[in-house]
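Observations on chain architecture
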Amino acid sequence: MNADKRREIFTRLRAANEKPTTELEYTTPFELLIAVLLSAQATDVGVNKATRKLYPVANTPAKIFALGVEGLMPYIQTIGLYKTKAKNVIATCQILLEQHGGEVPRTREALEALPGVGRKTANVVLNTAFGEPTIAVDTHIFRVSNRTGIAPGKNVDIVEQKLLKFVPAEFKLDAHHWLILHGRYTCIARKPQCWNCIIADLCEYKAKTPLPAKGV
Ligand code: SF4
């Protein structure tokens, strides 16, 4: 894909949604960190349901740490892998309290050192809470980048490197959210809605889906 097409794709995605953001609900970097940590292999809707109950009770490292694993689990038990996540959240809170003065660190190294926090979670926090032009590649971004040809790659690391290289600077801060939302609602995994896609004429996917017949 050439640079002009990429620029036009992001120009259109921006025109359709000028201020994109995460669908996870949060009010502080810490709330975002915990929500992203809980969202692995879970939906944002499911995580929001849990944090709407949890955060009014406990939304700081000290308060969640005070709940302990047993006290935290009832709030998040509707989320997949909740037992492991509860342990990771409590361990993360402990490190934030002991090593970071109860604050969420702003460096990738410190974030990735937290239990349950991998590169993707660190990227989301750096981007969404701290305004860094990082691009966290999740399943949606991986799929959209490959189908369209914006940044094709065999694994998420290659796609991330290509996106960082090829996405024009003016779009980098929000590229993560535009691509996720496009993948979640239009370029859907099982059946992309190519007939309803605002970048269909620019996308290089060879198996674009036609408009379904009425009643299908
Ligand atoms: S045209 Fe189809 S494959 Fe290409 S981005 Fe749009 S929905 Fe995805």
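Let us look at the structure shown here.

Rules and cut-offs
Residues numbered from 1 in each chain as written. Predicted model: local features only at pLDDT ≥ 70, side-chain atom pairs only at ≥ 80, totals over all residues. Heavy atoms only, no water. Helix = DSSP H or I, 4+ residues; strand = E, 2+ residues; numbered from the N terminus. Rg over C-alpha atoms; globule rule 2.2 N^0.38 Å. Buried < 20%, exposed > 50% of the residue type's maximum accessible area, 1.4 Å probe, protein only. Contact = heavy atoms within 4.5 Å. Areas by Shrake-Rupley, 256 points an atom, 1.4 Å probe, with all protein chains shown as cover. Lys, Arg positive; Asp, Glu negative; His and termini not counted. Charge placed at Lys NZ, Arg CZ, Asp CG, Glu CD. 1 Å grid on protein atoms, 1.4 Å probe; cavity = no way out; pocket = protein on both sides within 12 Å on 5 of 7 lines; lining within 4 Å. Points joined across faces, edges and corners; volume = space filled by probe spheres on them. Nonpolar A, V, L, I, M, F, W, Y, C, P; charged D, E, K, R; others polar. Phe/Tyr/Trp six-rings, centres within 6.5 Å; stacked < 30°, edge-to-face > 60°. Lys NZ or Arg CZ within 6 Å of the ring centre and 35° of its normal.

Considering the overall build of the protein chain
Within the protein chain one finds ten helices and zero strands. Order of helices (α) and strands (β) in the protein chain, N terminus to C terminus: α-α-α-α-α-α-α-α-α-α. Relative to the 2.2 N^0.38 estimate, which gives 17 Å for 216 residues, the radius of gyration of the protein chain is 19 Å and therefore close to what a compact globule would have. In terms of principal-axis extent, the alpha carbons of the protein chain reach across some 55 × 40 × 30 Å. Residues classed as buried in the protein chain amount to 44% of the 216 residues present. Within the protein chain, contacts between residues at least 6 apart in sequence are counted, and of these 58% link residues at least 24 apart. Accessible surface for the protein chain amounts to roughly 11100 Å². Of this, 54% is attributable to carbon and sulfur atoms. Computed over 29 positive and 20 negative side-chain charges, the separation of the two mean positions in the protein chain equals 8 Å.

Some details on empty space enclosed by the protein
Enumeration over the complete set of coordinates arrives at one cavity of 30 Å³ or more. Counted as a void, the largest cavity has a volume near 100 Å³. What lines the largest cavity is a set of 14 residues, among which H182, C187, C194, C197 and C203 lie closest to the centre. Residue composition of the lining of the largest cavity, grouped by class: eight nonpolar, four polar and two charged.

Here we look at the packing of aromatic side chains
Across all of its chains, the model carries two aromatic pairs by this definition. Plain terms: the ring middles of F10 and F171 are 5.7 Å apart, the flat faces sit at 25° to each other, and that makes the pair stacked. Of this pair, F10 sits in helix 1 (residues 3–16) while F171 sits in helix 10 (residues 169–185), and the two are 161 residues apart along the sequence. There is no split in this pair, since F10 and F171 are both buried. Their ring planes at 65° and their centres at 6.2 Å tell us that F171 and W178 sit as a pair that is edge-to-face. Relative accessible area serves as the criterion here: at 0%, F171 is assigned to the buried category. Joined through ring pairs, the aromatic side chains of F10, F171 and W178 make up one cluster. The ring of F166 has R6 lying over it, and the distance from NZ or CZ to the ring centre is 4.1 Å. Taking NZ or CZ as reference, R147 lies 5.2 Å from the ring centre of Y205, over its face.

As far as function goes, none of this settles anything; it's purely spatial.
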